[in-house]
Amino acid sequence: MQPRKIILLGSTGSIGTQAIDVVDAAPHLFEVVALSAGGGNLELIAQQAVHTKAQAVGIAYGDAHELHRLIGAAASAAGLRNYDPAIITGPDASTKIAAIEADVVLNGITGSIGLAPTLAALKSGAILALANKESLIVGGALVKAAAAVDQIVPVDSEHSAIAQCLRAGTDKEVGKLILTASGGPFRGRSREQLRNVTPAEALAHPTWDMGLMVTTNSASLVNKGLEVIEAHLLFDVPLDRIDVVVHPQSVVHSMVEFVDGSIIAQASPPDMRLPIALGLGWPDRVPGAAKACDWTKATRWTFEPLDSVAFPAVELAKDAAKQGSTFPAVFNAANEEAVEAFHAGRIRFTDIVDTVESVLSEHSGSLELTVDSVLDAERWARTRTHDRLANSTL
Ligand SMILES: NC(=O)C1=CN([C@@H]2O[C@H](COP(=O)(O)OP(=O)(O)OC[C@H]3O[C@@H](n4cnc5c(N)ncnc54)[C@H](OP(=O)(O)O)[C@@H]3O)[C@@H](O)[C@H]2O)C=CC1
Ligand SMILES: CC(=O)[C@@H](O)[C@H](O)COP(=O)(O)O
Ligand SMILES: [Mn+2]
């Protein structure tokens, strides 16, 4: 069998670099045909291009001549002659790369900027291995309408877990989805104790090594709010049948409760290479993708309810999803802006979710959900968030 042709969007990030590890470990299964990234690390994308021998490389910003030079230098250092991939630059580089013929497009871009590449990948007919949850959340029904049955395979660990659990039952048997949350670095703290936490503390995730945005969102529990909406859209389960439970060890990645009270959980040590490999190989598992639990050592898995007073983000996300339309896009865009302001030292940690709540309360939604109405709502939410935060003092 020929290896599957893979496109990696966001190749230089946490998901992207781990995807290259997965491909390296199974070259008989996967072959990278194209890569893209923002352009913040040209050296790395040049090395990745040479390493994978990708035929096309895209960057959203940054100097194409410099990338060309770096690829040439890396190719000669590797003794690779005549390697000259197509270089695509500009804000829509990832969208163009996503449209190249391939079997699987892994979207590992961070943020709702991943929406156009997600839609382009779906249009191309390739399987979309989706780590970029924001594109599904902001695009909602638009993304679902663009996808054929089973065309989207979740890579987010919780949703990969649920997809695996659902293999064991039919839709009618499903009672609830139960998403696990690590609780982040501030688990157990009161709202008052969260006021003065620092960006460095917010980035100290207890179990996962991820990019800045998703790590900060884990600390505020915004990530879990986004994941509830993501699960609702992926699995067509109503929001009131999606629960969150805090599980600090991040070994049980999520669960499905069936109508007879039976629960099926997916468990493995925290390692994204497992859901990435399953996303690239779906429906087949990739042998040796990650290490299994070690039962020779005593282990404790604990579960506790979410403190939704200290961490209101999950309820806020559910409310935004219930309002539908462009509310989830506003939730996400306001959060992206507030997270940036927090890391720039302009606002407190608790201001992130407070700001999202207040921007949402001013939003009136759009009558029709189209790509343009989503982009308009995002622009409005980003401007509104900036305006609010411009006057804030620490
Ligand atoms: N990391 C993880 O373990 C998990 C991540 N996810 C989700 O996966 C996605 C990626 O997360 P993560 O890998 O942690 O993020 P990172 O911040 O580590 O990486 C983000 C990637 O996106 C690229 N990028 C940024 N802007 C653009 C743009 N305009 N066009 C094209 N590429 C761009 C970056 O390129 P550059 O380096 O050039 O800026 C980088 O390659 C997020 O949606 C996250 O929520 C979900 C579950 C787990
Ligand atoms: C690995 C992964 O899927 C992340 O999205 C993870 O869920 C973050 O951990 P939290 O449970 O702390 O949000
Ligand atoms: Mn997740």
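Residues numbered from 1 in each chain as written. Chains lettered and ligands numbered in written order. Predicted model: local features only at pLDDT ≥ 70, side-chain atom pairs only at ≥ 80, totals over all residues.

1. Focus: the site of ligand 2
Surveying the vicinity of ligand 2 reveals the residues Asp156, Ser157, Glu158, Ala181, Ser182, Gly184, Trp208, Val214, Ser218, Asn223, Lys224 and Met272. Broken down by secondary-structure element, the contributors of at least two residues to the shell around ligand 2 are helix 8 (157-166), helix 11 (212-220) and helix 12 (222-235). Among the residues forming the shell around ligand 2, the class breakdown is four nonpolar, five polar and three charged. (Near = placed C-beta within 6 Å. Helix = DSSP H or I, 4+ residues; strand = E, 2+ residues; numbered from the N terminus. Nonpolar A, V, L, I, M, F, W, Y, C, P; charged D, E, K, R; others polar.)

2. Some words on the pairing of strand 9 (residues 242-246)
Burial along strand 9 is one-sided: Ile242, Val244 and Val246 are buried, while Asp243 and Val245, pointing the other way, are not. Bridge analysis of strand 8 (residues 174-181) against strand 9 gives five bridges, and the strand direction is parallel. Across the sheet, the residue bridging to Leu179 is Val244, located in strand 9. Bridge analysis of strand 9 against strand 12 (residues 304-305) gives two bridges, and the strand direction is antiparallel. Residue Val246 lies in a different strand from strand 12, and its bridge partner there is Glu304. (Buried ≥ 20, exposed ≤ 12 C-beta atoms within 10 Å, placed from the backbone. Pairing = 2+ DSSP bridges.)

3. Details of the UniProt feature "binding site: 1-deoxy-D-xylulose 5-phosphate" (unreviewed entry) in the chain
Residues annotated by UniProt as "binding site: 1-deoxy-D-xylulose 5-phosphate" (unreviewed entry) correspond here to Lys133, Ser157, Glu158, Ser182, His205, Ser218, Asn223, Lys224 and Glu227. Relative to the helices and strands, Glu158 is located in helix 8. Judged by the 28 C-beta atoms lying within 10 Å of it, Glu158 falls in the buried class. Along the chain, Lys224 falls in helix 12. A residue is classified by how many C-beta atoms lie within 10 Å of it, and Lys224, with 24 of them, is buried. Once residues lying within four places of it in the same chain are set aside, the contact partners of Lys224 are Leu179, Ala181, Val244 and Val314. (UniProt positions renumbered as here; feature names shortened; annotations may be inferred. Contact = placed C-beta atoms within 7 Å.)

4. What to know about the site of ligand 1
Residues in contact with ligand 1 amount to 31 residues; listed here are only the nearest, Gly10, Gly13, Gly38, Met210 and Gly211. Within the residue set of the shell around ligand 1, elements represented by two or more residues are helix 1 (14-25), strand 2 (30-37), helix 6 (133-139) and helix 11. Counting residues per element, the shell around ligand 1 draws most heavily on helix 1, which supplies three residues. Residues belonging to the shell around ligand 1 are distributed by class as follows: 11 nonpolar, 17 polar and three charged.

5. Topic: helix 5 (residues 115-124)
In terms of residue burial, helix 5 counts as a mostly covered element, since eight of its 10 residues are buried. Within helix 5, the full set of buried residues consists of Leu115, Ala116, Pro117, Thr118, Leu119, Ala120, Ala121 and Leu122. Where the residues of helix 5 are buried, they touch strand 1 (4-9), helix 4 (93-98), strand 5 (104-107), strand 6 (127-130), helix 6 and helix 7 (141-146). Among the residues trailing helix 5, Gly125 stands out with phi positive, at a value near 90 degrees.

6. A look at the sheet that holds strand 4 (residues 86-89)
Taken together, seven strands build an open sheet; the order of strands is 4-3-2-1-5-6-7 and the sheet is parallel. Where the open sheet ends on each side, the last strands, each with one partner, are strand 4 and strand 7 (152-154). Each strand of the sheet is rotated relative to its neighbour by a mean of 20 degrees, with strand direction disregarded. Both strand 1 and strand 2 contribute to a ladder of six bridges, which runs parallel. Residue pairing for strand 2: Leu8 is matched across the bridge by Leu35. Strands in contact with helix 2 (residues 42-52) are strand 2 and strand 3 (56-59); relative to strand 2, the strand with the most contacts, it is inclined by about 160 degrees. (Axes fitted to C-alpha atoms, helices over the stretch in contact; angles between N-to-C directions.)

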